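Now for the letters of each chain:
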Amino acid sequence: MTAGVGEANIPSQADDVLHIAIVGGGATGVELAAELVEALASLVYYGIDELQPGRDVQITLIEGDDRILSALPEKQSIKAQKLLHERGITVKTSVRVADVRADYLTDAEGRPYPAEFCVWAAGIEAPEILSELGLRTNARHQIVVDAQLRSSDPHILAFGDCAEAPWHGENRPLPAKAQVASQQASSI
């Protein structure tokens, strides 16, 4: 590929390799990357045994934070990254995607990443209207709640993606994941 004016100078790619970029190293992005590898491996059952992850399909997980699964303890993050690497998934951390094109992404530094297929799995942000209710919210418009899921108005409860709930024993909020929301719902 030849770079034109305003285009990134990405290295030439073999036509027979599919580059998949997953932007966002949270639970959704990490799980998707792992599931894609598993799905590719299961194609052998259907007689498609010439398609191999790593050779024919290259998956890159791109995370803006300095580690994947940053809402979880660091030990779990390190273990997950090692497992992804063992499965042939490239993990790039501290990378902020600035532009998405038909066949590549570029980061804030102008570095290109080949990607004919891109999945955006970054960021959890609650609706802005939550910040207009007069309740305490964070920068992502999530309602800040206590361990009993009470907002700054104790008569109003919030849980799931719209709430920032404390993680008992940790100095950070609970991760915004479906499992957490389900547990919160059953406690009300």
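Just above, that's the structure.
Residues numbered from 1 in each chain as written. Predicted model: local features only at pLDDT ≥ 70, side-chain atom pairs only at ≥ 80, totals over all residues. Heavy atoms only, no water.

## Side note on the pairing of strand β1 (residues 18-23)
Where burial is concerned, most of β1 is hidden: five out of the six residues are buried. Here β1 runs beside strand β2 (residues 57-62); their pairing, made up of six bridges, is parallel. Bridged to Ile20 within β2 is Ile59. Pairing between β1 and strand β7 (residues 117-120): four bridges, direction parallel. Residue pairing for β7: Ile22 is matched across the bridge by Val119. (Buried < 20%, exposed > 50% of the residue type's maximum accessible area, 1.4 Å probe, protein only. Helix = DSSP H or I, 4+ residues; strand = E, 2+ residues; numbered from the N terminus. Pairing = 2+ DSSP bridges.)

## Let's talk about the pairing of strand β4 (residues 97-100)
Here β4 runs beside strand β5 (residues 104-107); their pairing, made up of three bridges, is antiparallel. Across the sheet, residue Asp99 finds its bridge partner in β5, namely Thr106. Where β4 folds back on β5, the antiparallel hairpin that results is connected by three residues.

## A word on helix α2 (residues 74-86)
Look at α2: 18 Å from first C-alpha to last across 13 residues, which is about the 18 Å you get at 1.5 Å a residue. Considering only its buried residues, α2 is in contact with α1 (27-42), β2 and β3 (90-92). Looking one or two residues beyond α2, the residue adopting positive phi is Gly88, at roughly 85°. (Expected span 1.5 Å × (residues − 1). Contact = heavy atoms within 4.5 Å.)

## Observations regarding the sheet that holds β7
In space, the four strands of this open sheet follow the order β3-β2-β1-β7, with parallel pairing throughout. Looking at strand neighbours, the two that pair on one side only are β3 and β7, the edges of this open sheet. Here the strands of the sheet are splayed against their neighbours by 20° on average, with no regard to which way each runs. Pairing analysis gives three bridges linking β2 to β3, with the strands arranged parallel. Each residue of the ladder has a partner; that of Ile62, found in β3, is Lys92. Strands β1, β2 and β7 of the sheet are contacted by α1, whose axis makes an angle of about 170° with β2. (Axes fitted to C-alpha atoms, helices over the stretch in contact; angles between N-to-C directions.)

## Things to note about the side chain of Thr60
Tracing the sequence through the fold places Thr60 in strand β2. What makes Thr60 buried here is its relative accessible area of 16%. Residues contacting Thr60, with those up to four places away along its chain left out, are Ile20, Ala21, Ile22, Thr90 and Lys92.

## Side note on the sheet that holds β5
Backbone hydrogen bonds are what pair the strands of a sheet, in a parallel or an antiparallel way. Spatially, three strands are ordered β4-β5-β6 in an open sheet, and the strand pairing comes out antiparallel. Taken across any chain shown, the strands that pair with only one partner, and hence form the sheet edges, are β4 and β6 (112-114). In this sheet, adjacent strand axes meet at a mean angle of 25° when their direction is disregarded.

## Brief notes about the nonpolar core
Generally speaking, soluble globular proteins have nonpolar side chains that are buried together. In terms of nonpolar packing, the biggest core is built from 17 residues, with Ile59, Leu61, Ile68, Leu84 and Ile89 touching the most fellow members. At the level of elements, β1, α1, β2 and α2 are the ones that each hand at least two residues to this core. Broken down by element, the residue count for this core peaks at four residues, all from α1. Not counting the four nearest positions on each side in its chain, Ile89 is found in contact with Ala33, Ala34, Val37, Ile59, Leu61 and Leu84. Residues Leu135, Ala158, Ala163 and Ala165 belong to the second largest nonpolar core, which totals nine residues. (Core = buried A, V, L, I, M, F, W, Y, C linked by side-chain atoms within 4.5 Å.)

## A few points about α1
An ideal rise of 1.5 Å per residue puts 22 Å on 16 residues; α1 measures up with 22 Å between its terminal C-alpha atoms. Among all positions of α1, only Gly29, Val30, Ala33, Val37 and Leu40 are buried. Each buried residue of α1 sits inside an arc of 110° when the element is viewed along its axis, so together they form one side. Every exposed residue of α1 that faces more than 90 degrees away from the buried side is listed here: Thr28 and Glu31. Buried residues along α1 sit against β1, β2 and α2. (Arc of directions from axis to C-beta.)

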